[in-house]
Amino acid sequence: MDDTAPFHDLIGITLDEWRDGFARLALVVEPRHHNRSGVLHGGVLLSMLDQAGGYAGLFCTVPGNVRRAVTVDLDCRFTGQVTEGRIVAEGRVVTAGRNIFFTRTEVLGPDGTIVAFGAGTHRWRGGSNLPEGVPADSPLR
């Protein structure tokens, strides 16, 4: 899987699986991810939901091309806490139109329990609604 995402590098997200309509991302929780209470910051969980949902709609069938999108709406429910271990976010496309796609995402704690879940609405950038995407150096539209 070829992917370059500076934000992923910044917080430590890895892309474990990526195919049409599905993405699985992971992160090993470290003290730098904690809030003042010593548990995983909700912003990290929200970022995982957003990224997994977005990636689920951006798999590209042409090597070297890319698909891009922006998040229009994102909701989240926090259902648990994590202090350490590897968390996994799985995003799935629920439905898609010509310009917009809708996703559902869950973040699973190290023991496999759901610690957050949500839904997202994403808008493809110009040309990215097509499975073959656009050349990586094409301007954003």
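Cut-offs applied
- Residues numbered from 1 in each chain as written.
- Predicted model: local features only at pLDDT ≥ 70, side-chain atom pairs only at ≥ 80, totals over all residues.
- Heavy atoms only, no water.
- UniProt positions renumbered as here; feature names shortened; annotations may be inferred.
- Salt bridge = Lys/Arg side-chain N within 4 Å of Asp/Glu carboxyl O.
- Helix = DSSP H or I, 4+ residues; strand = E, 2+ residues; numbered from the N terminus.
- Buried < 20%, exposed > 50% of the residue type's maximum accessible area, 1.4 Å probe, protein only.
- Contact = heavy atoms within 4.5 Å.

- An unreviewed UniProt entry annotates the protein as PaaI family thioesterase of Muricoccus nepalensis.
- Looking at the protein in UniProt, the text filed under Sequence similarities (unreviewed entry) is "Belongs to the thioesterase PaaI family."

**Points about the pattern of salt bridges**
Turning to step 1, where the next piece is worked out: Tallying each qualifying case throughout the model produces six salt bridges.
Turning to step 2, where the next piece is worked out: Its salt-bridge partner being Arg-86, residue Asp-16 comes within 2.2 Å of it at the nearest N-O pair. Within this pair, whereas Asp-16 is found in strand S1 (residues 14-19), its partner Arg-86 is found in strand S5 (residues 85-96), the two being separated by 70 residues in sequence.
Turning to step 3, where the next piece is worked out: Residue class for Asp-16 comes out partly exposed when judged on its relative accessible area of 31%.
Turning to step 4, where the next piece is worked out: The partly exposed category is assigned to Arg-86, whose relative accessible area is 41%.
Turning to step 5, where the next piece is worked out: Ionic pairing is found between Arg-92 and Glu-90, a salt bridge with its closest N-O pair at 3.3 Å.
Turning to step 6, where the next piece is worked out: Residue Arg-92 is classed as partly exposed on the basis of its relative accessible area of 39%.
Turning to step 7, where the next piece is worked out: A cluster of three or more residues bridged by salt bridges with shared partners is formed by Glu-17, Arg-19, Arg-24, Glu-90 and Arg-92.

**Re the UniProt feature "domain: Thioesterase" (unreviewed entry) in the protein**
Turning to step 1, where the next piece is worked out: Here, UniProt's "domain: Thioesterase" (unreviewed entry) annotation points to residues 38-113.
Turning to step 2, where the next piece is worked out: Along residues 38-113 the backbone is 20% helical and 43% strand, and the end-to-end C-alpha distance reaches 19 Å.

**Re the environment of Gln-81**
Turning to step 1, where the next piece is worked out: Relative to the helices and strands, Gln-81 is located in the loop between strand S4 (69-78) and S5.
Turning to step 2, where the next piece is worked out: In this structure Gln-81 comes out as exposed when scored by relative accessible area, which is 67%.
Turning to step 3, where the next piece is worked out: Each C-alpha atom of the pair Gln-81 and Gly-42 lies 9.1 Å from the other, and the pair is 39 residues apart in sequence.
Turning to step 4, where the next piece is worked out: Residues within four places of Gln-81 in sequence aside, it is in contact with Val-39 and Val-115.

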